[in-house]
Amino acid sequence: MPPGEKPLSAKDCYRFELSNPAVDVCMTGARSLEMMRENLETLDSGALTAEDMKRIRRICDHIYGKARN
């Protein structure tokens, strides 16, 4: 993780995918009924804010060693 960043939750990751207009399907891998409920609740959360998108991209860039111009 970049310094000062908290790890991404499953909800963060699902919302990131669902915020991409090129994504038509987002599959989940729930291990329990409770996880499935949490995943379904994500659908009601709406798209990420621009700041949330930047945060997730910053974390992904750190993990995968990519620099954005």
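Cut-off values and rules
- Counting starts from 1 at the beginning of each chain's written sequence and moves along it residue by residue.
- Totals for whole chains, interfaces and linings use all residues, but because this is a predicted model, local features are given only for residues with pLDDT of at least 70 and pairs of side-chain atoms are given and counted only at 80 or more.
- The side-chain values count all of the structure's non-hydrogen atoms but skip hydrogen atoms and water molecules.
- Secondary structure counts use DSSP, requiring at least four H or I residues in a row for a helix and at least two E residues in a row for a strand, with both numbered from the N terminus.
- Note on contacts: a residue pair is in contact if any heavy atoms of the two residues lie within 4.5 Å.
- Excluding any residue in a salt bridge, patches collect residues exceeding 30% relative accessible area, merging like charges within 9 Å and nonpolar Val, Leu, Ile, Met, Phe, Trp and Tyr side chains within 5 Å.
- Throughout, the Shrake-Rupley method with a 1.4 Å probe supplies accessible areas, and for residues the shown protein chains are the sole cover considered.
- Any carboxyl oxygen of Asp or Glu within 4 Å of a side-chain nitrogen of Lys or Arg constitutes a salt bridge here.
- Remark: exposure states derive from per-residue accessible area (1.4 Å probe, protein chains only) relative to the maximum for the residue type, with buried under 20%, exposed over 50%, and partly exposed in between.

Draft legend 1. Spatial organisation of the environment of cysteine 26. Structurally, cysteine 26 can be placed in the loop between α1 (10-18) and α2 (33-42). Expressed as a C-alpha distance, the spacing of cysteine 26 and glutamate 5, which sit 21 residues apart in the sequence, is 25 Å. Apart from residues no more than four positions distant in its own chain, cysteine 26 is found in contact with Tyr14, Glu17 and Leu18.

Draft legend 2. Focus on a nonpolar patch on the surface. Among the surface-exposed residues, Leu18, Leu33, Met36, Leu40 and Leu43 lie close enough to one another that they form a single nonpolar patch of about 480 Å² accessible area. The leading source of residues in the nonpolar patch is α2, at three residues. Among the secondary structure elements, methionine 36 is positioned in helix α2.

Draft legend 3. Local environment of the pattern of salt bridges. Scanning the entire structure with this criterion turns up three salt bridges. Between arginine 55 and glutamate 5 there is a salt bridge, and its shortest N-O distance comes to 3.1 Å. Of this pair, arginine 55 sits in helix α3 (residues 50-64) while glutamate 5 sits in the segment before α1, and the two are 50 residues apart along the sequence. Residues arginine 55 and glutamate 5 agree in their burial class; the two are buried. The shortest N-O distance in the salt bridge between aspartate 12 and arginine 55 comes to 3.8 Å. Of the two residues, aspartate 12 sits in helix α1 while arginine 55 sits in helix α3, which places them 43 residues apart along the sequence. The exposure class assigned to aspartate 12 is buried, which follows from its relative accessible area of 17%. With relative accessibility at 15%, the residue arginine 55 sits in the buried group. Taken together, the shared-partner salt bridges in this structure form one network comprising Glu5, Asp12, Arg55 and Arg58.

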